[in-house]
Amino acid sequence: MMKFIRTLLKPFAAFFEAHAKTHYRLERHSMGLTVGIIIAAGVGGFIEIAPLFTIDDTVEAAPDMRLYTPLEQAGRDIYIREGCYACHSQMIRTLRDEVERYGPYSLAVESQYDHPMLWGSKRTGPDLARLGEKYSDDWHVRHLVNPRDLVPESVMPQYAFLLEAGLDTDSLPDRLAALRAVGVPYTDEMIANADSDALGQAMPDTERSDGVFERYGDETAVRNFDDRPGRLTEMDALVAYLQILGQLTDLPEQTQILPEE
């Protein structure tokens, strides 16, 4: 049996031996090695860059696509700051088991305003691409305060401190302006009212909430997310962000036929 295997592998061994000799000779000549590196990098770069020329065909058209509100964007920044993306991806692949578990597979258009995108397939925790409105605000707050109260086997850290951390709203106009510089279509009015809109989204009984509906649409969730009226916290922002995941457009539900149960 071993003799048969050696016979079978003999042509491959000869190939790799010849390749190794060629590579060794190339390493002895710096100019030749440099040219080889440039050619290899050029081929790899072309393979990575060429698909970008078809970007208009890659990103679907979603007329109902809406922007993150300032509060939701602040929550996204907190989500990234706390490293949540390291354990939770936001990309449902086209595999049947993922679609059956999480919902319609992710479309490129759903992440066109995400900087950075949080796609991936490594999951310590479940994928969150379709998490929005799946659980109540109270569930999210309790889960973030102590995950094991709701999921005993969870290894997720506690984030109870978010309830006491006041949200910095002064920097929100500059954050939205920076996002507009990279292609997110925030208007001058949205940027100028960013701090006021963040407060208004979490305080439905104030006049500021009217501006939120006016600028971001009647479907915007305006409510006190952490059940602590009168104070805007980082918990408000994070829960607002979690509740919008998968809710920015209805295109996936309109274009995909889910497997029958």
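Read on for a plain summary of the structure. Computed from a predicted model, the values in this text were never measured in an experiment.

Examining the side chain of Asp137
The residue Asp137 is located in helix α6 (residues 137–145) in this model. At 2.8 Å, the side chain of Asp137 forms a polar contact with the side chain of Gln243. When residues no more than four places from it in sequence are discounted, the contact partners of Asp137 are Arg223, Asn224, Phe225, Val239 and Gln243.

Remarks on α6
Taken residue by residue, α6 has Asp137, His140, Val141, His143 and Leu144 as its buried positions. Projected onto a plane normal to the axis of α6, the buried residues spread over an arc of 165 degrees and lie on a single side. On its buried side, α6 packs onto α11 (234–242).

Quick word on a negative patch on the surface
Taken together, Asp64, Asp218, Glu219, Asp250 and Glu253 make up a surface patch of like negative charges. Counting through the fold element by element, Asp218 comes out in the loop between α10 (208–216) and α11.

Quick look at the packing of helix α9 (residues 194–202) against α10
Close contact between α9 and α10 brings their axes to 7 Å; oriented N to C, the two are set at 105 degrees. As judged from the angle between their axes, α9 and α10 are roughly perpendicular. Contacts between α9 and α10 involve Ser196, Asp197, Leu199, Gly200 and Gln201 from the former and Arg208, Ser209, Gly211, Val212, Arg215 and Tyr216 from the latter. When the residues that make up the contact of α9 with α10 are grouped by side-chain class, the tally is 3 nonpolar, 5 polar and 3 charged.

Some remarks on empty space enclosed by the protein
According to the stated counting rule, one finds 1 cavity of 30 Å³ or more in the structure shown. The calculated volume of the largest cavity comes to roughly 160 Å³. Each residue belonging to the lining of the largest cavity can be placed in one class, and the counts come to 7 nonpolar, 6 polar and 3 charged.

Quick look at the packing of aromatic side chains
One pass over the full model with this rule turns up 4 aromatic pairs. Note on Tyr68 and Tyr241: the rings are 6.0 Å apart at their centroids and 55 degrees apart in plane angle, and the pair reads as tilted. Here Tyr68, found in the loop between α3 (55–58) and α4 (70–81), pairs with Tyr241, found in helix α11; they are 173 residues apart in sequence, far enough to count as distant. Exposure class is identical for Tyr68 and Tyr241. Each is buried. One aromatic cluster in this structure is built from Tyr68, Tyr79 and Tyr241.

Rules and cut-offs
- Residues numbered from 1 in each chain as written.
- Predicted model: local features only at pLDDT ≥ 70, side-chain atom pairs only at ≥ 80, totals over all residues.
- Heavy atoms only, no water.
- Helix = DSSP H or I, 4+ residues; strand = E, 2+ residues; numbered from the N terminus.
- Polar contact = N/O pair within 3.5 Å; in protein donor to acceptor, adjacent residues only side chain to side chain.
- Contact = heavy atoms within 4.5 Å.
- Buried < 20%, exposed > 50% of the residue type's maximum accessible area, 1.4 Å probe, protein only.
- Arc of directions from axis to C-beta.
- Patch = residues over 30% accessible without salt bridge, like charges linked within 9 Å, V, L, I, M, F, W, Y side chains within 5 Å.
- Areas by Shrake-Rupley, 256 points an atom, 1.4 Å probe, with all protein chains shown as cover.
- Salt bridge = Lys/Arg side-chain N within 4 Å of Asp/Glu carboxyl O.
- Lys, Arg positive; Asp, Glu negative; His and termini not counted.
- Charge placed at Lys NZ, Arg CZ, Asp CG, Glu CD.
- Axes fitted to C-alpha atoms, helices over the stretch in contact; angles between N-to-C directions.
- Parallel < 35°, antiparallel > 145°, perpendicular 65-115°, else oblique.
- Nonpolar A, V, L, I, M, F, W, Y, C, P; charged D, E, K, R; others polar.
- 1 Å grid on protein atoms, 1.4 Å probe; cavity = no way out; pocket = protein on both sides within 12 Å on 5 of 7 lines; lining within 4 Å.
- Points joined across faces, edges and corners; volume = space filled by probe spheres on them.
- Phe/Tyr/Trp six-rings, centres within 6.5 Å; stacked < 30°, edge-to-face > 60°.

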